[in-house]
Amino acid sequence: MTKYRFITGALVLLLLLGSKSFTAYSADLVPFSSSYVAYYKGKDVGKASLALKRIEDQRFQLDYHSSVSKFFLSDRRYETSIFKVEDNKLVPITYEYRREGFGSNKRINVQFDQQTDQILIDDFPQYEWQNELDNQLFRVDLSKRLAEGVEAFSYDFINTRGEKRSYAFSVMENENVSLPYGDLDAIKVKIDRESNRRVTYAWFSPDLDYSLVRLQQFKDGKEQGEIKLIEYIRE
């Protein structure tokens, strides 16, 4: 099943985050929805989707879903982030993660308490909150950083196991990529984990609000799979 979990491992990296210094926002976040197809050795093994919607004046919801299957193996994952824009900053409120399928099912709920500066996991205080974001909000921040021309940055976040983690992003080059969506000019970014066994490359298109359009992951030098954009809609 490990071979087919790249769709979450990679998008979660991304599609992953928490920053010690929040990027300023105009609060004019544009709701969108995007869909992806996952490949392993050139074969379609699943789908993923990402959507941002406004639920109140300055409150937003970010939803991610992936479904991967091969023979009798299956993996379905769901993530929901509720956050707000306050003083030109992204402020996480709650994060929920659920996994179903082959192996053990898993669920986690993370709350970011502004009054106590605590991070609660499944209703229990776990960490002092030092501006970490949840496992998803990088997806909002990353596009803005690329649009501003930033070429190297890092994120601290709470992952799907309730652990503190960090990832580094560095811009490599501009490339034209062929996708089910069509051909697009894109910025290629390298994503470094704390473990050097895995390396991920991601492509973001300036023509689509700097959204993720392709992602490719390697472990111990071997390709685990890739994700390509099928559809992107500005809501």
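Structure shown above.
No experiment lies behind these values; they were computed from the predicted model shown. (Residues numbered from 1 in each chain as written. Predicted model: local features only at pLDDT ≥ 70, side-chain atom pairs only at ≥ 80, totals over all residues. Heavy atoms only, no water.)

Q: Can you tell me about the overall build of the protein, naming the residues and giving the values?
A: When helices and strands are counted, the protein shows 2 helices and 14 strands. Counting all 235 residues of the protein, 49% fall into the buried class. Carbon together with sulfur atoms contributes 43% to the accessible area of the protein, which is approximately 11100 Å² in total. (Helix = DSSP H or I, 4+ residues; strand = E, 2+ residues; numbered from the N terminus. Buried < 20%, exposed > 50% of the residue type's maximum accessible area, 1.4 Å probe, protein only. Areas by Shrake-Rupley, 256 points an atom, 1.4 Å probe, with all protein chains shown as cover.)

Q: Account for helix H2 (residues 138-147), naming residues and giving values.
A: Extensive coverage of H2 is indicated by the burial of 8 of its 10 residues. Residues Phe-138, Arg-139, Val-140, Asp-141, Leu-142, Ser-143, Arg-145 and Leu-146 constitute the buried set of H2. Looking at the residues trailing H2, positive phi occurs at Gly-149, about 85°.

Q: Run through the pairing of strand S9 (residues 152-158), naming residues and quoting values.
A: Of all 7 residues in S9, 5 are buried, a share of seventy percent or more. For S9 and strand S10 (residues 164-179), the ladder comprises 7 bridges, and the chain directions are antiparallel. When the sheet's bridge partners are listed, Asp-156 is paired in S10 with Ser-166. The antiparallel pairing of S9 with S10 creates a hairpin that spans 5 residues between the two strands, and Gly-162 there sits at a positive phi of about 80°. (Pairing = 2+ DSSP bridges.)

Q: Mind laying out unusual backbone geometry, listing which residues take part and the relevant values?
A: Here the phi dihedral of Asp-117 falls at roughly 55°; this positive angle occurs in a residue that is not glycine. Summarising the element assignment, Asp-117 is placed in the loop between strand S6 (106-113) and strand S7 (118-121). Even without being a glycine, Tyr-210 presents a positive backbone phi close to 60°. Assignment of secondary structure puts Tyr-210 in the loop between strand S12 (198-205) and strand S13 (211-219).

Q: Can you lay out the pattern of salt bridges for me, pointing to particular residues and giving the numbers?
A: Within this structure, the stated rule accounts for 14 salt bridges. Salt-bridge contacts for Glu-100 lead to Arg-98; the nearest nitrogen and oxygen are separated by 3.0 Å. Among the residues examined, Arg-98 registers a relative accessible area of 26% and is labelled partly exposed. Measuring nitrogen to oxygen at the nearest pair gives 3.1 Å for the salt bridge that ties Arg-165 to Glu-163. What makes Glu-163 partly exposed here is its relative accessible area of 25%. One connected set of salt bridges, linked through shared partners, spans Asp-75, Arg-77 and Arg-99. (Salt bridge = Lys/Arg side-chain N within 4 Å of Asp/Glu carboxyl O.)

Q: Can you explain the packing of aromatic side chains? Please cite residues and give values.
A: Counted according to the given criterion, the structure contains 9 aromatic pairs. With a centroid separation of 5.7 Å and an interplanar angle of 15°, the aromatic rings of Phe-153 and Phe-169 are classed as stacked. Taken together, the residues span a long stretch of sequence, with Phe-153 in strand S9 and Phe-169 in strand S10 at a distance of 16 residues. Here Phe-153 and Phe-169 have matching classes, each one buried. Members of the aromatic cluster, each reached through a chain of ring pairs, are Phe-138, Phe-153, Tyr-155 and Phe-169. (Phe/Tyr/Trp six-rings, centres within 6.5 Å; stacked < 30°, edge-to-face > 60°.)

Q: Talk me through the pairing of strand S8 (residues 124-128); I want residue IDs and the actual numbers.
A: Counting buried positions along S8 yields 0 of 5 residues, so the element is predominantly exposed. One ladder, built from 4 bridges, connects S7 with S8; its direction is antiparallel. Looking at the pairing, Leu-120 lines up with Pro-125 of S8. Between S7 and S8, which pair antiparallel and follow one another directly, the connecting turn spans 2 residues, one of which, Asp-122, has a positive phi of 50°.

Q: Quick one: what's the story with the side chain of Ser-66, residue by residue and with numbers?
A: Here Ser-66 shows up in strand S3 (residues 59-70). Within the structure, the side chain of Ser-66 is placed 3.3 Å from the side chain of Tyr-64, a separation counted as a polar contact. (Polar contact = N/O pair within 3.5 Å; in protein donor to acceptor, adjacent residues only side chain to side chain.)

Keep in mind these numbers describe shape, not what the thing actually does.
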